[in-house]
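Letter by letter, the chains look like this.
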Amino acid sequence: MNDDIARIEALTALLREFDLDALKLRIGAATYDLVRNAPAPAVAPPVPLSDSSAVPLSDSPPAVPAGVEKVLAPINGIFYRSPSPGTPAFVDVGDEVRPGQLLCILEAMKMMNEITAETACIVRAILPKNGDLVARDEEMFWIEPL
């Protein structure tokens, strides 16, 4: 019980330190979901009617389409789509990427680890949200080699 309380306190500190709205972490069979209380928006954002490139939200990732490869997290870390808040993302769905181009940053133990494309490809899906904690070997991107 004390271990769980210590973990929750450490995760809460991460929420504050990185100004995150939510944090989800799986350790073995245990899953921790922490969400900050934030005021609800006055108006809900518009929902797109249809977008063939969108990845459906669910607890389990959808099946990978034919010809698409997965980019997996090489380490546990916090996923960042851009170098800092308010700046453009390194890549977006549909972007053509060249070998060595930066896809994202994974922060682990205050170290910023740059994740780059190994080959020329098109980004077909970006699975984690900015600020999500990703586990080693977790799917981050679906890419289609060129």
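See the structure above.
These remarks concern the structure in this document. (Residues numbered from 1 in each chain as written. Predicted model: local features only at pLDDT ≥ 70, side-chain atom pairs only at ≥ 80, totals over all residues. Heavy atoms only, no water.)

1. So, the overall build of the protein
Consideration 1: Within the protein, the regular secondary structure consists of one helix and 10 strands.
Consideration 2: In the protein, the succession of α and β elements from N to C terminus is α-β-β-β-β-β-β-β-β-β-β.
Consideration 3: Residue burial in the protein is summarised as follows: out of 146 residues, 28% are buried.
Consideration 4: Across the protein, every contact between residues at least 6 apart in sequence was considered, and the portion connecting residues at least 24 apart equals 56%.
Consideration 5: With the model as given, the accessible surface of the protein reaches about 10,000 Å², and the carbon-plus-sulfur share is 56%. (Helix = DSSP H or I, 4+ residues; strand = E, 2+ residues; numbered from the N terminus. Buried < 20%, exposed > 50% of the residue type's maximum accessible area, 1.4 Å probe, protein only. Contact = heavy atoms within 4.5 Å. Areas by Shrake-Rupley, 256 points an atom, 1.4 Å probe, with all protein chains shown as cover.)

2. Considering the sheet that holds strand β8 (residues 121–126)
Picture the strands of a sheet paired through backbone hydrogen bonds; they go either parallel or antiparallel.
Consideration 1: Taken together, the four strands give an open sheet; going across it, the order is β3-β10-β8-β5, and neighbouring strands pair in antiparallel fashion. Because the sheet does not close on itself, it has two edges, and the strands there are β3 (69–72) and β5 (96–97). (Pairing = 2+ DSSP bridges.)

3. Describing the pattern of salt bridges
Consideration 1: Counting across every chain of the model gives three salt bridges.
Consideration 2: A salt bridge links Glu139 to Lys70, with the nearest nitrogen and oxygen atoms 3.2 Å apart. Of this pair, Glu139 sits in strand β10 (residues 139–145) while Lys70 is found in strand β3, placing the two residues 69 residues apart along the sequence.
Consideration 3: Of the residues examined, Lys70 reaches a relative accessible area of 44% and is grouped as partly exposed.
Consideration 4: In this structure, the salt-bridge partner of Arg124 is Glu144, at a minimum N-O distance of 2.8 Å. You can see Arg124 sitting in strand β8 and its partner Glu144 sitting in strand β10, a full 20 residues away along the chain.
Consideration 5: The partly exposed category is assigned to Arg124, whose relative accessible area is 34%. (Salt bridge = Lys/Arg side-chain N within 4 Å of Asp/Glu carboxyl O.)

4. What to know about the nonpolar core
Consideration 1: By size, the foremost hydrophobic cluster in this structure holds 17 residues, and its most contacted members are Phe79, Val91, Val97, Leu103, Leu106, Met140 and Phe141.
Consideration 2: Only β6 (102–108), β8 and β10 provide two or more residues apiece to this core.
Consideration 3: By size, the runner-up hydrophobic cluster in this structure holds five residues, among which are Tyr80, Phe90, Leu102 and Ile105. (Core = buried A, V, L, I, M, F, W, Y, C linked by side-chain atoms within 4.5 Å.)

5. Notes on the environment of Val123
Consideration 1: For Val123, the position within the fold is in strand β8.
Consideration 2: Classification of Val123 by relative accessible area gives buried; the value is 0%.
Consideration 3: Sequence spacing of Val123 and Ile143 is 20 residues, and the spatial spacing of their C-alpha atoms is 4.6 Å.
Consideration 4: Those residues in contact with Val123 that sit more than four places away from it in its chain are Val91, Asp92, Val93, Gly94, Asp95, Val97, Phe141, Trp142 and Ile143.

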